[in-house]
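Spelled out from the first residue to the last, the chains are:
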Amino acid sequence: MITNESNYSESFSESFISDSNTVIPSDEYRNVETLYVSRNGFCEIHKLIRSGKWYVAKCLKPSLRSNQSLYMLLKKEYDIGKKLEHENICQTIDYTLIPGLGESIVTEYVDGKYLRHYINEGEISDVMLQKWCRQICESLSYIHRHQIIHRDIKPENILITTNGQNVKIIDFGYSDTDDSAIFKQPAGTRRYIAPEQLDENQKEDNRADIYSFGVILKEIIKSCKLKSLRLSRIAKKCTRQNPNERYHDADEIIEAMSPSKTNKTTILLGLLLLAVLSVSLFLLLKPRPYSETNDIPSSKVSPTVVERTHLPTIEEQIGMFSKFNSEVTSETEK
């Protein structure tokens, strides 16, 4: 509650709003700016405004707007995108006729930069990579639960928001779903597509997207000179040529990235080392019988007695533990 009117008015005495760039709200989509025109593809991307909000419209190039087959492909992309509501997936809003553009898919406007920018600049830290990998995998897991394969996961189809530095997956133009009967031919970007995507006789599934994610992960680790043995192993498994040797789904990748997964092995090895040291210390401090403490000429001590009473040195214990450690690590990697 405000009890002093003079204080209330004074608190706003320095506030102002400029009307120089004020946009008058309109119920119609208005073409403001062309963002992108595909050189080899069939689409254009435009930034629009409607009712005071920014949107993005995807439409056919002017020379292709009489091609009804391409409109079917555009409509398929809309139908797939409309099913998805996830915080890390660009929201599909409308499919409508826009003056000057023709039939268009309307999506939310995302203020950000493509993941490609961060890769080229080498600006990805280990903390950022962990966050973005998790968000990409959570998005893929959500998509795959809807029986949808993206089929074109690449840095150019992953936006990083300016506010919050969060992932936004975009462009479902090559996506496929179980209930679709059209455009089943191989598609994607050659550098990132899985081997099975190039084979018309081989049925692809969600593991194709996992392969693409692994290629991106390898690229980031190399370009940003990150030293993460765990992420390198994940990338290697994602990009196996045989789909059956990859992760079964994106949730498995999330589990593999989880710190708790790594800590289990660390804790096990730590407990094992503690147990070895405890036993060694106990044997060293354990009171020995009188016969063992007497000075016995070495000539009268049998070899079997020497072997039985010998305690491993620190160097021998470290060697034993290192050998066991390598066995546990290799077993864990399997």
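The structure presented is a predicted model; accordingly, all values stated were derived computationally and were not measured.

A. Examining unusual backbone geometry more closely. The backbone of Asp171 shows a phi angle near 65°, a positive value even though the residue is not glycine. Examined against the element boundaries, Asp171 turns out to sit in the loop between strand 9 (167-169) and strand 10 (176-177). Under the relative-accessibility criterion, Asp171 is labelled partly exposed at 32%. One non-glycine residue with positive phi stands out, namely Lys225, at about 55°. Along the chain, the position of Lys225 falls in the loop between helix 5 (207-223) and helix 6 (229-238). With relative accessibility at 70%, the residue Lys225 sits in the exposed group.

B. Main features of the state of the cysteines. As enumerated under the stated definition, the model contains 0 disulfides in all. The closest cysteine sulfur to the non-disulfide-bonded Cys137 is located on Cys133, 6.4 Å from its own sulfur. Overall, Cys137 belongs to the buried group, its relative accessible area being 0%.

C. Structural view of the side chain of Glu77. Along the chain, Glu77 turns up in helix 2 (residues 68-82). Note on Glu77: relative accessible area 9%, which makes it buried. Excluding anything up to four places from it in sequence, Glu77 contacts Lys58, Ile105, Asp171, Phe172 and Gly173.

D. Inspection of the packing of helix 4 (residues 126-145) against helix 5 at higher detail. Between helix 4 and helix 5, the shortest axis-to-axis distance is 11 Å and the interhelical angle comes to 170°. It follows that helix 4 is roughly antiparallel to helix 5 by the angle criterion. Contacts from Leu129, Cys133, Ile136, Cys137, Leu140 and His144 of helix 4 reach helix 5 at Asp209, Phe213, Leu217, Ile220 and Ile221. The residue makeup of the contact of helix 4 with helix 5, split by class, is 9 nonpolar, 1 polar and 1 charged.

E. The arrangement of the packing of aromatic side chains in detail. For the structure on display, the rule yields 3 aromatic pairs. An angle of 90° between the planes, with centres 5.8 Å apart, marks the rings of Tyr29 and Tyr55 as edge-to-face. Pair noted here: Tyr29 is in the loop between helix 1 (5-11) and strand 1 (30-37) and Tyr55 is in strand 3 (residues 53-60), with a separation of 26 residues, a long-range link. The class of Tyr29 is buried, set by a relative accessible area of 12%. Directly above the ring of Trp54 sits Lys47, whose terminal nitrogen or CZ lies 4.2 Å from the centroid. Looking at Arg50, its charged tip hangs above the ring of Tyr29, at a distance of 4.6 Å from the centre.

Reading guide: rules and limits
- Residues numbered from 1 in each chain as written.
- Predicted model: local features only at pLDDT ≥ 70, side-chain atom pairs only at ≥ 80, totals over all residues.
- Heavy atoms only, no water.
- Helix = DSSP H or I, 4+ residues; strand = E, 2+ residues; numbered from the N terminus.
- Buried < 20%, exposed > 50% of the residue type's maximum accessible area, 1.4 Å probe, protein only.
- Disulfide = S-S within 2.5 Å.
- Contact = heavy atoms within 4.5 Å.
- Axes fitted to C-alpha atoms, helices over the stretch in contact; angles between N-to-C directions.
- Parallel < 35°, antiparallel > 145°, perpendicular 65-115°, else oblique.
- Nonpolar A, V, L, I, M, F, W, Y, C, P; charged D, E, K, R; others polar.
- Phe/Tyr/Trp six-rings, centres within 6.5 Å; stacked < 30°, edge-to-face > 60°.
- Lys NZ or Arg CZ within 6 Å of the ring centre and 35° of its normal.

Keep in mind that these numbers describe shape and distance, not what the molecule does.
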